[in-house]
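Results of the structural survey
In case you want the letters, here they are:
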Amino acid sequence: MSENTKSVNLVFILVILMLNVNLFGSKVVAILPFTSVFEKIAQEQKDAINLALGNYDNEIEIIYKDSKGTAEGAITALDEFIKSNGNPEIVISCASWVATALNPVTAERGLFHLAIGSASIEREIKNHTIRMTVDEQVEEELLSYYLLQFNKIAVFYMNNELGTTWNRVLRKRLREKINISISYDPEMKDFDNEISQIKKAEPEAIVLISSSNAAKISELIRKAGINAQLVGTRPIERPEILTASKYTNGLIFTSPSFDSENEMLKLFKEKYNYKPTFFGLEAYDTTVMLITAFKENSSVKDFYNWYIDRNFIGALGSIKIKQNGDANYPYMFKEVKDGKFTIAEFQYALILEQTRQEIDSIFDKMGFDLQQAANELSSGITGKKADMTIRRLHEKNPLSYDVVTIDPKGVIRNVYPDHKEIVNKDISDQEQVIRMMELNKPVVSKAFKAVEGFVGFDYEYPIFNEKNEYIGAVSILTKPSFFAEIINSKIASFPVEICVMQTDGVIVYDINEEEIGLNLFSSESYDNYPTLRQLGRKMSIFPQGSGDYEYLDKNMDKVVEKELIWTNLHVHGTEFRIALFTEKKD
Ligand code: COI
Ligand code: CYT
């Protein structure tokens, strides 16, 4: 080979390399359902992605491809892209059935895969696809709280992976309550036959697993004279539903609980002159998070692990990517009311009642197990057998910090786990111990400082021997995180707060830890909030009620108007007022 040919080769290679940089430089392909019944969703996603790219001034270039709304269309679109441009580094896809199809294909080619608008996917290859949509099963758990009140339910669903999975999961939970379920082709416009079948079944509620088609379907349902409650899920929150509000007013549906005053919504409206829905918000957050991934990683190969367990604050609120690659963020019930999407009021009372029942049932279980332990301890409060009893009692109650026995004088004789330092401590001056010895009955304490060194609640249960003589008591002391654990598990997906107050005004649980232990009536922290104090006084007098007040927002940043409802829980001589509150929005 001559020097000349060598350098020509070199130039050739250089040109190829440069071409690569210029032509094949775009790293991301977004495969969206541009020509399908979901075309407006695709356009909204594209607008949101471009808005995020523009706002965050960066080098990512996204090429859009049309899936035509089908799995085959998406595979073809990706193949075509690769034929002319080579492999992209990242594939973003919309629709559950598309994500399911692209998961193995992208995994095989080593392309990072991000799924949006995909509530119901099957990952043939695990640890590969990151999905920004909350799984439909998580949403279903919430939706069924509402559906359980009906006895005859119809399910009318799109005949794709999203619809069929919803139908299956709803049937599994609601069983005979579902008296008819019918699928439809979302590309079709004629639903008359299906609607007359639904009418014959006389349902009390109709669940529509639909997107914008639900506007037309609702119109047909109402025109057929069916008055059933209409119920929907996340993709139903589309503008067409409001245009048809004459037929859709009263529709209740589950949806991510994004803040309607959020900055992204304003920017979007300014730029495109229409209001985005969930799909736009999700695409926006997906893009911003992806830009962050590019900034924090030098190789796309590291992206998957970067996403796992990551918390991200986006337009959808606080997003957490779970171990399995699925995003999670708050959901709530919304309602079509006066031609608008609004927060469904009924849910507050529902969550409050469920939280009350959960706390009640945990105390109930403790009481049941304490009674059994007290029976076993009737032959003696110390010794091997007693050790076994208190150990089992502790292990059966996950919110127990420890279990102790006291003798008839009120001296601690035994403890599990072995916090030996408290054995022999005299606790006969504690209010609940005095009460228990006086009444000879089980009691629950108010919040008190335990000898263990923190503020908790103590459930004391008296022990009698075979001759029915009082020989001491067994008790469970709750963990410091007692209320936090119960309450967080109940409200994790709702944009609400719950606090617990005693009738003496002491706050025994609040999300802001610095407030726990303060007295609402006397602590100077509340001096500047007279409307809150007034409401607190009402709460201590009346077991249930509601009211408005002004106080700091969740982050303790600024004073806002809030609304609150409360209820009462009475356990063995102690009353708790459980209050649920939200920022007022109108
Ligand atoms: C889903 O599959 O979860 C979707 O939201 C798809 C959408 C195109 C309706
Ligand atoms: N500690 C406990 N009182 C305490 O201080 N475990 C029970 C009762």
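With that settled, the discussion passes to helix α12 (residues 278-296). Counted at 1.5 Å a residue, the expected span for α12 with its 19 residues is 27 Å, and the 27 Å between its end C-alpha atoms agrees. The buried fraction of α12 amounts to 16 of the 19 residues, a majority that puts the element mostly inside the structure.

Turning next to the domain arrangement of the chain. Domain parsing of the chain yields domain 1 (12-135 + 261-328), domain 2 (136-258 + 333-347), domain 3 (352-478) and domain 4 (495-583). Placing a centre on the C-alpha atoms of domain 3 and another on those of domain 4 gives a separation of 29 Å. Taken together, the contact between domain 3 and domain 4 spans 15 residues of the former and 17 residues of the latter. Of the roughly 1,400 Å² buried between domain 3 and domain 4, counting both surfaces, carbon and sulfur atoms make up 72%. Counting every contact that joins domain 3 to domain 4 gives seven residue pairs in polar contact (both at pLDDT 80 or more). Listed by contribution, the elements that provide at least two residues to the side of domain 3 that touches domain 4 are α14 (346-376) and β18 (443-444). Per-element tally for the side of domain 3 that touches domain 4: the top contributor is α14, with six residues.

Bringing the site of ligand 2 into the picture now. Taken together, 13 residues surround ligand 2, and among them Gln430, Ala450, Val451, Glu452 and Asp458 come closest. Interatomic distance of 2.8 Å between a backbone N/O atom of Val451 and an oxygen atom of ligand 2. Within the side chain of Glu452, one N or O atom sits 2.7 Å away from a nitrogen atom of ligand 2. When ligand 2 sits alone it has 240 Å² of accessible area, and the protein chains cover 100% of it. Of all the elements in the fold, those that place two or more residues in the shell around ligand 2 are β16 (400-406), β21 (458-464) and β22 (470-478). Looking at side-chain class alone, the shell around ligand 2 contains six nonpolar, three polar and four charged residues.

Turning next to the sheet that holds strand β13 (residues 327-328). Here we have three strands laid out as an open sheet, ordered β11-β12-β13, and antiparallel in their pairing. Two strands lie at the open edges of the sheet, namely β11 (311-314) and β13, each paired on one side alone. Strand direction decides the pairing type here: strand β12 (residues 317-321) and β13, joined by two bridges, are antiparallel. Among the inter-strand pairings, Ile321 is bridged to a residue of β13, identified as Ala327.

So, about the environment of Asp458. One can find Asp458 in strand β21. Note on Asp458: relative accessible area 3%, which makes it buried. Along the sequence, Asp458 and Lys189 sit 269 residues apart, while their C-alpha atoms lie 63 Å from each other. Discounting residues that sit within four places of it in the chain, Asp458 has contacts with Gln432, Val443, Val444, Ser445, Phe448, Ser475, Ile476 and Leu477. For Asp458, the side chain forms a polar contact with the side chain of Gln432, separated by 2.8 Å. In terms of polar contacts, Asp458 uses its side chain to reach the side chain of Ser475, at 3.1 Å.

The rules behind these values
- Residues numbered from 1 in each chain as written.
- Chains lettered and ligands numbered in written order.
- Predicted model: local features only at pLDDT ≥ 70, side-chain atom pairs only at ≥ 80, totals over all residues.
- Heavy atoms only, no water.
- Helix = DSSP H or I, 4+ residues; strand = E, 2+ residues; numbered from the N terminus.
- Expected span 1.5 Å × (residues − 1).
- Buried < 20%, exposed > 50% of the residue type's maximum accessible area, 1.4 Å probe, protein only.
- Domains from an automatic or database assignment.
- Contact = heavy atoms within 4.5 Å.
- Buried area = accessible area lost by both parts, 1.4 Å probe.
- Polar contact = N/O pair within 3.5 Å; in protein donor to acceptor, adjacent residues only side chain to side chain.
- Near = heavy atom within 4 Å.
- Areas by Shrake-Rupley, 256 points an atom, 1.4 Å probe, with all protein chains shown as cover.
- Nonpolar A, V, L, I, M, F, W, Y, C, P; charged D, E, K, R; others polar.
- Pairing = 2+ DSSP bridges.

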